[in-house]
Amino acid sequence: MREIEHRRHSWREPPGVDLTQRGVDLARRVGETMGRFDLVVTSDFPRAFQTAIAMGYAVDRQEPLLRELGEGVEDELDWEGGCASFARAFALGGATTKACLAQAALLRSIAAELPENGRALVVSHGGIIEEGVVGLLPHFAYEDWGPSCERCEGVLMRFEGDVCIGAELLRLPAGWQ
């Protein structure tokens, strides 16, 4: 079995592109709990790259597809509504479906690169995590998952080959944000 742990970047102060000290501190703390990865992929925005580094991982590559929701997606859903909102929009067959399937294809390709029992860390942005897991598992029961992932939260996805067979929400303990 292969695993992809897909996390949201840590804290920054918009419109700034870099992590704040609070963001570095949170990423370090979370990184101490995560274990080893065979592959680390981030979006090409500085905050994602910096989060992986602060977590303690060298970045193997950056993927531009991990940076934006996709044109028209925000018109179909409330991206802060979490995976349940993305799954409802996915069912419409429009922009969200297209974006979710593109993210799912990227995640499948990352899973296929991993050795047997390998693990990958992906660091991107709010909404991108939800697109990916919904694209992989559009009929999964997301109602209890709550809102979109906050800073350094994410989803752990398990794969047999490049087929996603399950997902688990990764929330931070109370008081960590």
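Cut-offs applied
Residues numbered from 1 in each chain as written. Predicted model: local features only at pLDDT ≥ 70, side-chain atom pairs only at ≥ 80, totals over all residues. Heavy atoms only, no water. Helix = DSSP H or I, 4+ residues; strand = E, 2+ residues; numbered from the N terminus. Rg over C-alpha atoms; globule rule 2.2 N^0.38 Å. Buried < 20%, exposed > 50% of the residue type's maximum accessible area, 1.4 Å probe, protein only. Contact = heavy atoms within 4.5 Å. Areas by Shrake-Rupley, 256 points an atom, 1.4 Å probe, with all protein chains shown as cover. Lys, Arg positive; Asp, Glu negative; His and termini not counted. Charge placed at Lys NZ, Arg CZ, Asp CG, Glu CD. Pairing = 2+ DSSP bridges. Right-handed = clockwise from strand over helix to strand, strands pointing away.

Caption draft 1: View of the overall build of the protein. Summing up its helical and strand segments, the protein has six helices and six strands in all. When the helices and strands of the protein are read in sequence order from the N terminus, they spell out β-α-β-α-β-α-α-α-β-α-β-β. Against the 2.2 N^0.38 benchmark of 16 Å for 177 residues, the protein shows a C-alpha radius of gyration of 15 Å, consistent with a compact globule. Over its C-alpha atoms, taken along the principal directions, the protein stretches across nearly 40 × 40 × 30 Å. Burial statistics for the protein: of 177 residues in total, 53% are counted as buried. For the protein, restricting intrachain contacts to residue pairs at least 6 apart in sequence, the fraction spanning at least 24 positions comes to 69%. Just so you have it, the protein exposes about 8000 Å², and 51% of that area is on carbon and sulfur atoms. Charged side chains in the protein number 18 positive and 28 negative. The centres of these two groups are separated by 4 Å.

Caption draft 2: Here's a closer look at the pairing of strand β2 (residues 39–42). Burial along β2 is two-sided: the face carrying L39 and V41 and the face carrying V40 and T42 are both buried. For β2 and strand β4 (residues 119–124), the ladder comprises four bridges, and the chain directions are parallel. Residue pairing for β4: V41 is matched across the bridge by V122. One ladder, built from two bridges, connects β2 with strand β3 (residues 61–62); its direction is parallel. Its bridge partner lying in β3, T42 is registered against Q62. Taken together, β2, helix α2 (residues 46–55) and β3 constitute a β-α-β crossover, and its handedness is right-handed.

These results come straight from atomic positions and should not be treated as a statement about function.
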